Every structure is written in C-alpha cells, then in structure tokens.
Amino acid sequence: MTLFDRVFGGNDYNYERTVVAIDAAIAQYGESEPVAFPSTAYNLPAYYSITGKKINNLGELKAALENDVKPMMTRNKRLQDVFDSGIASALCAEFLEALKYLHGAEPYAEPEMGFLTDSFVRNLGLPLVTGDIPGVAVVLGKAENAADVVNVVKDYQSKGIMTFLVGDCIEQCAEGGVKMGLELRVIPLGHDVTSVIHVVTVAIRAALIFGNVQPGDLAGLLEYTKNRVPAFVNTFGAIDTVVVSAGAGAIALGFPVVVDIDLGENQVPGALVSVCDHNETVKQSLELREIKIKTTELPIPVAFAAAFEGEIIRKADMHNEFWSSKNPTAELVLMRDRSEVEDHKITIIGPEMSEAKDLALATFVEVAGKKMQADFEAVIERKFHAWFNYMEGVMHTGQRNQVRVRVSNAAYEAGLKLKDFAEVLYVMIMNEFDAVVDKCQVTIITDAAEAAKFRDEIAMPRYAQRDDRLASMTDESVDRYYTCILCQSFAPAHCCVVTPERLGLCGAVSWLDAKATNELDPNGPCQ
C-alpha cells in the first residue's frame, strides 16, 4: 500500500465516521444545538483559522463538513493532495471532538485533559519565547516495550520539552513512573486518535494570538506553525491509515513525524522518518526540528530541568521545609571585590537536612567580575526561584526574606543535600551570567540564630537600599530606554520600549532587566 493509499484511506474513514456522528447528534439534539469547545474565543479553532468562519450549531457543522471539508479531499496522488487530505482529517477530528462536548458534557476525566483553554495557550507563550520550553513533542500510540516510551518521555521532560500523550502510552508512562500534569509539562490528552487535535489547536491559536495571523489565511497559518512552533510527532507501535492521515495533517503544519516501524520507500525525508532504535528517537526528533538543547551538567543526585518548575510537593510527601513563617529565611546576592571572593567556595553553616525537618535558610551568594554592577544583583537573585524549582523534588516560592522551600522524601532519599543547592547556584550563575561574573562563592545558613543575624544585619539593609533606588528612578532620571524584541521568536511583529516606569508587555522585563540583558549580550534582544 502506497503512502497515498494510506492517507486517502484514513481520510475517507475519518470523513464517513464524522458524517455518521453528526447525523446521530442532530437526530438526538436537533440542528440548532450549539457547538463549541469550552473556554475559548475561537469556537472550533482549527476550522475557524483555516476558513475564517465560525460554527454555531450542529446544522452549520454538517454544512461545513460537506461544503468546506469534502472539497479538500482531492485524489490526484500529488504531495499537495496528501497535505490537503491531512488537513481535512484534522478538521474531521476537531468536529468529532467537538461533538463530545455537546450539551455541556465533560468528556475527559483526570489525568486526560482533552481540550486546552485559551488561558493555557497564552501562558505557554512566554516560556516558548524565552526558550524555557525549547520544543513540543506529541507522543502517540502504544509501545511494544513500555520502557521505550517511558524512557523517551522522561528524556523529553529532562530537556524541558513539553510533551503531549495520546493513546495507550498514557498508561504505559504512568505505570513507568512518569510524573504528569500541566505543571510538569507531560500532558495526557486522551485515548482516541482524534484527541491529537487538541495540541494542534494550541499551535493554531498561538498563530492567531501571538503571530497576528488572520482567520482564513491558511498560507500564513502554515508558515507560522512551520517556522514558529517547534513541534514534532513520535508514534509508537503499529500505525493504521487513520494515524497516517493524522500524520499528514501534522506534516502539513510543518511538524515532522518520527515512527518506530520501518516505512521503507514510504518515508519522506525531513517530514516522515522511521527511527526503529528508540535510543535515537529523541536525538533524531530534535534534529528534524532543529531544536538545540543547552545541557548543563550538575553534580547533584536528582534530575534538573525546567519541566519540574511547576512540581507541587504536598505535606505528606515532604521531608524538609524551610519557611519564613517558622524560621528565618533570606536570599541575597552581593557584588564584591575580586579579592574578597574565592571561586566555587561553598560554605554550609548549621544542621543538614538529615538533622531536622524544619530549618532556617539564608542563601548568600557573593559574586565578582570586571563588568559586574550592583544593579545586576537583584536580577541574579530572582533566578534562584527558577533554579531551585528545576530540581526534581524541590518546591520554591517567594523571594528575599519571605521564602518557602520544600524537599520531597524522594529527593532526600536520592541523596539531595544542602551543598547541592549551592552547586546549582554556582553552576547556573557561572553559565548564565558569565559575561559579568568571573568568580562566585555560596554560603547556605540553616542555623536559626545565624540566619536571623544575616537577614537583619546584611540582607534587610541591602533590600532597603535597592528599594530606595528603584523608588527614585523615573523615566526622566535615566539617559536611555531599551527596546525588547524577546517575543519576536513567537510574535514576529512585536517590540516593546522598556523604561523605568513601563515594563515590557509580558510583565517579565523591567528596565533593570533590559539593562542587564543588554550588558550580558550587546547584540541580543534588548537594545
């Protein structure tokens, strides 16, 4: 069977199935029954973005299938026919999924997510722009050996890749110990192949929200998803014609598909590729999408990745807690003279986590560098929150002297110690701020009396100095503003002007942030 036969056969099956489902829904509810996904302004996002038209009820859904989807199903055995049939299959999938939500139904139960809201898409924008989420993987099917898909998903998670699961791989990953959830960037969508449309509509709404793509501009949509959304698909196990037609739709959007069976001459270089060695799946997938992962080797006993930033540690799973409501806490970065800093010196003052459950935590980092400025202290300091959260089994909230850190039982049992927190800070500061930091030393204080003394005598006065400086800064008090185009990787028409009184529209870039970014990378996004 040729690739054309597989795609066309799957498309025909999807179309007939959709016809039957819509007719059954009309028989039950009538043509006037409203049709829409919940919590979205885009109705049926794929159909709306492709045609520029919204569907309001079952009667219009039936008409859209006949008048807009059917004409896409050309059979001339050209590559464009494959792509058009793939898009038609995607629209059929969207219609079938929309029918599940009729009459206020809630068709998905945890852990499956089903349709993802507009709020989710908007929240996804910033981490995609900053590279915090370097790519998006769609993992579909059922692996012959469950360990294969588990290892692949865990590898993606460790690299910060947002991973969506469709099919029996959901149970395989759950049983294999993969931590799942929106906050952990492994998201089970559903078991039906049609549920893959929910990740497709995320990419499509990103084009509408961030890319200024107008509904009905199919060429603009396909250009955006191909060049701006770093997504790809991995299939596990046997693939039928329905999966192949869905894959054609993914390829039309610019998302390459990697399968773990030998397709022989049916492969399409750069778009549809067989990788039967699962040890190569991640590497080949990232290369196809030109996703480059900057890895940081850390000498700590737990995984370290942005995917763990949203991990929540409940009290029942907690081994240690450092909390300002119970014990003194503070986080401070200070600029020092080079002679005052011993590079990579780590000092622990007070008991280890094995000696007490509730501890104080004063984290003191001293840095020195020829280009270092006092204004950069707070910029580095704010990164503590993210870096501590990147450690699997660690939850950090707050800043300055209002901090709460939890360490899970699993992380403690893996051998996590206080020096590992210091190692994370040292390595990340020297990696991310190497343009201004030449030397760095870290002191962690868990002795309550010493931590309180540090907080009151060193940290609090420094916080006050910074606050006084920021309060005195106005647009008129500085001699330059900064532009920020950080979002252009995702929102290509976007540019902000950042001033002391005006943050970037994302809310994440202050004037001091922009100044630091420009100092760190003079040719970078802030000019």
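Here, every reference points to the structure presented above.
Residues numbered from 1 in each chain as written. Predicted model: local features only at pLDDT ≥ 70, side-chain atom pairs only at ≥ 80, totals over all residues. Heavy atoms only, no water.

Draft legend 1. Structural detail: the overall build of the protein. Within the protein, the regular secondary structure consists of 16 helices and 16 strands. Taken over C-alpha atoms, the radius of gyration comes to 26 Å for the protein, in line with the 24 Å a tight globule of 527 residues would show. In the protein, once contacts between residues fewer than 6 apart in sequence are set aside, the share between residues at least 24 apart is 75%. Put simply, the protein shows about 22,700 Å² of open surface, and 49% of that area lies on carbon and sulfur atoms. Distance between charge centres in the protein, computed from 48 positive and 73 negative side chains, equals 3 Å. (Helix = DSSP H or I, 4+ residues; strand = E, 2+ residues; numbered from the N terminus. Rg over C-alpha atoms; globule rule 2.2 N^0.38 Å. Contact = heavy atoms within 4.5 Å. Areas by Shrake-Rupley, 256 points an atom, 1.4 Å probe, with all protein chains shown as cover. Lys, Arg positive; Asp, Glu negative; His and termini not counted. Charge placed at Lys NZ, Arg CZ, Asp CG, Glu CD.)

Draft legend 2. Fine view of the sheet that holds strand E6 (residues 272-274). Spatially, the 6 strands line up as an open sheet ordered E3-E2-E1-E4-E5-E6, and their pairing is parallel. Since the sheet does not close on itself, it has two edges, and those belong to strand E3 (186-190) and E6, each with one partner. Strand-to-strand twist across the sheet, computed as the mean angle between neighbouring axes with direction ignored, equals 20 degrees. Pairing analysis gives 3 bridges linking strand E5 (residues 257-259) to E6, with the strands arranged parallel. Within the sheet, the bridge partner assigned to Val 258 lies in E6 and is Val 273. Taken strand by strand, helix H10 (residues 241-252) contacts strand E1 (136-141), strand E4 (231-236), E5 and E6, and its axis lies near 145 degrees from that of E5. (Pairing = 2+ DSSP bridges. Axes fitted to C-alpha atoms, helices over the stretch in contact; angles between N-to-C directions.)

Draft legend 3. Spatial organisation of the packing of aromatic side chains. The final tally for this structure, using the stated rule, is 13 aromatic pairs. Where Tyr 42 meets Tyr 48, the ring centres are 6.4 Å apart and the plane angle is 40 degrees; that geometry is what we call tilted. Across the pair, exposure class does not vary: Tyr 42 and Tyr 48 are buried alike. With a centroid separation of 5.5 Å and an interplanar angle of 75 degrees, the aromatic rings of Phe 304 and Tyr 390 are classed as edge-to-face. (Phe/Tyr/Trp six-rings, centres within 6.5 Å; stacked < 30°, edge-to-face > 60°. Buried < 20%, exposed > 50% of the residue type's maximum accessible area, 1.4 Å probe, protein only.)

Draft legend 4. Representation of the sheet that holds strand E14 (residues 439-445) within the structure. The sheet built from 4 strands is open, its strands ordered E8-E11-E14-E9 with mixed pairing. Among the strands making up the open sheet, the edge pair consists of strand E8 (329-335) and strand E9 (345-349). Each strand axis lies, on average, 10 degrees off the axis of its neighbour in the sheet, ignoring direction. Pairing geometry for E9 and E14, over 5 bridges, is parallel. Across the sheet, residue Lys 345 finds its bridge partner in E14, namely Gln 441. Running at roughly 155 degrees to E14, helix H14 (residues 418-432) makes contact with E9, strand E11 (361-368) and E14 of the sheet. Sheet strands touched by helix H15 (residues 448-472): E8, E9, E11 and E14. Its angle to E8, the strand with the most contacts, is close to 55 degrees.

Draft legend 5. Here's a closer look at the nonpolar core. In terms of nonpolar packing, the biggest core is built from 77 residues, with Leu 44, Leu 58, Leu 61, Val 69, Phe 95, Phe 120 and Phe 164 touching the most fellow members. Looking at this core, the element that brings in the most residues is helix H4 (residues 79-100), giving 9 residues. Counting 45 residues, the second-largest nonpolar core is a separate cluster that includes Val 302, Phe 376, Met 391 and Val 394. (Core = buried A, V, L, I, M, F, W, Y, C linked by side-chain atoms within 4.5 Å.)

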